Amino acid sequence: GPGGRGWGKGAGLGGATAPGAVTVQGRPGGLVAGTYTATIPISSVSARNTPQSISVTLNVLAVSFATDVQPIFSANCVGCHFVGGQVPNLTSGSSYAAIVGVISGSVGCTGNTYVVAGNAATSLVYAKIIASAPPCGGHMPPGGQLSSPNLQTIADWINAGAPNN
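Treat the numbers as computed from the prediction; the structure is a model and nothing was measured.

Engineer: Explanation requested: the overall build of the protein in the structure shown.
Structural biologist: When helices and strands are tallied, the protein shows four helices and four strands. Order of helices (α) and strands (β) in the protein, N terminus to C terminus: β-β-β-β-α-α-α-α. Here the protein holds 165 residues, and 28% of them are scored as buried. Sequence-distant contacts, at least 24 apart, represent 43% of the contacts inside the protein between residues at least 6 apart. As displayed, the protein has an accessible area near 9700 Å², and 56% of this comes from carbon and sulfur atoms.

Engineer: Quick question: what am I supposed to make of the layout of surface pockets here?
Structural biologist: Any space left empty among the atoms is revealed by the rolling of a water-sized probe across them. Of the volumes computed, that of the largest pocket is approximately 450 Å³. If you trace the largest pocket, you find 26 residues lining it, with His81, Val87, Pro88, Lys128 and Met140 closest to the centre. For the lining of the largest pocket, the secondary structure elements donating two or more residues are helix 1 (65–76) and helix 3 (124–130). Ranked by the residues each element gives to the lining of the largest pocket, the list is headed by helix 3, at four residues.

Engineer: Just checking my understanding: could you explain the packing of aromatic side chains for this structure?
Structural biologist: Two aromatic rings, taken as a pair, are described by how far apart their centres are and by the angle between their planes. Counted according to the given criterion, the structure contains four aromatic pairs. Plain terms: the ring middles of Phe65 and Phe73 are 6.3 Å apart, the flat faces sit at 65° to each other, and that makes the pair edge-to-face. Note on accessibility: Phe65 and Phe73 belong to one class, buried. Judged by centre distance (5.0 Å) and plane angle (35°), the rings of Phe65 and Trp157 are tilted. Remark: Trp157 occurs in helix 4 (residues 148–159) and Phe65 occurs in helix 1; sequence separation between them is 92 residues. Trp157 shares its class with Phe65; the two are buried. Linked through ring pairs, Phe65, Phe73, Tyr96 and Trp157 together constitute an aromatic cluster.

Engineer: Would you take a moment to explain unusual backbone geometry for this structure?
Structural biologist: Keep in mind that most residues, glycine aside, have a negative phi and that most peptide bonds are trans. At the junction of Thr50 and Pro51, the peptide bond is cis and its omega measures out at -5° in the coordinates. Here Pro51 shows up in the loop between strand 3 (34–42) and strand 4 (52–60). In this model, Val87 is joined to Pro88 through a cis peptide bond whose omega is 0°. By the element assignment, Pro88 lies in the loop between helix 1 and helix 2 (95–99). A positive phi angle, near 50°, is found at Ala162, a position not held by glycine. Tracing the chain through its elements places Ala162 in the segment after helix 4. On the accessibility criterion, Ala162 (1% relative accessible area) is buried.

Engineer: What exactly am I supposed to notice about the nonpolar core here?
Structural biologist: A general feature of soluble globular proteins is that nonpolar side chains tend to end up buried together. Ranked by internal contacts, the top residues of the largest apolar core, which has 25 residues, are Phe73, Ile99, Ile154 and Trp157. Breaking this core down by element, the ones donating at least two residues are helix 1, helix 2, helix 3 and helix 4. Sorting elements by how many residues they give to this core places helix 4 first, with five residues. Apart from residues no more than four positions distant in its own chain, Phe73 is found in contact with Phe65, Val78, Leu90, Ser95, Ile99, Val125 and Ile154.

Engineer: What is the right way to look at the packing of helix 1 against helix 4 in this model?
Structural biologist: Packed helices, taken two at a time, are described by their axes: the angle between them and the distance between them. Between helix 1 and helix 4, the shortest axis-to-axis distance is 10 Å and the interhelical angle comes to 130°. Taken together, the axes of helix 1 and helix 4 lie oblique to each other. Both helix 1 and helix 4 take part in a crossing whose hand is left-handed. In this structure, helix 1 contributes Phe65, Asp68, Val69, Ile72, Phe73 and Asn76 to the contact, and helix 4 contributes Asn150, Thr153, Ile154 and Trp157. Grouping the amino acids of the contact of helix 1 with helix 4 by side-chain chemistry returns six nonpolar, three polar and one charged.

Reading the values: rules and limits
Residues numbered from 1 in each chain as written. Predicted model: local features only at pLDDT ≥ 70, side-chain atom pairs only at ≥ 80, totals over all residues. Heavy atoms only, no water. Helix = DSSP H or I, 4+ residues; strand = E, 2+ residues; numbered from the N terminus. Buried < 20%, exposed > 50% of the residue type's maximum accessible area, 1.4 Å probe, protein only. Contact = heavy atoms within 4.5 Å. Areas by Shrake-Rupley, 256 points an atom, 1.4 Å probe, with all protein chains shown as cover. 1 Å grid on protein atoms, 1.4 Å probe; cavity = no way out; pocket = protein on both sides within 12 Å on 5 of 7 lines; lining within 4 Å. Points joined across faces, edges and corners; volume = space filled by probe spheres on them. Phe/Tyr/Trp six-rings, centres within 6.5 Å; stacked < 30°, edge-to-face > 60°. Core = buried A, V, L, I, M, F, W, Y, C linked by side-chain atoms within 4.5 Å. Axes fitted to C-alpha atoms, helices over the stretch in contact; angles between N-to-C directions. Parallel < 35°, antiparallel > 145°, perpendicular 65-115°, else oblique. Left-handed = near helix turned anticlockwise from the far one by under 90°. Nonpolar A, V, L, I, M, F, W, Y, C, P; charged D, E, K, R; others polar.

Shown next, in the form of structure tokens:
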């Protein structure tokens, strides 16, 4: 697909004799939702019918705010970020409107947009969860770190335009 270069991460054979298995790891981070294909040539100095090609397909699903991102907020953030607690309110049903395109009014973070649709790198929410020293305030969640898959999910959602899906 368009922009789909470099998504295959190493191919390896399951053994030195035929028939054998070929393992390919996908690296979908940063790819937009869609179907990506590649052709992998397999060759052998011992085979007469060499090289052979194997077609590989990677399906990248769209990240859903409701089913992928909100559960991360609910599990890691709403202990502090709720109505009457720390802003922004990250509780289910309120979080999307509280962060997407919203400029922070928090002391020290004034003027920073929580989520800049299409750009995780300039989004305050993302900066605060990935940086040990964010541009303002403290690292989130305090005293912890989200898992790499959770960080990737949030980045992918923002970079896909932060849809309310």
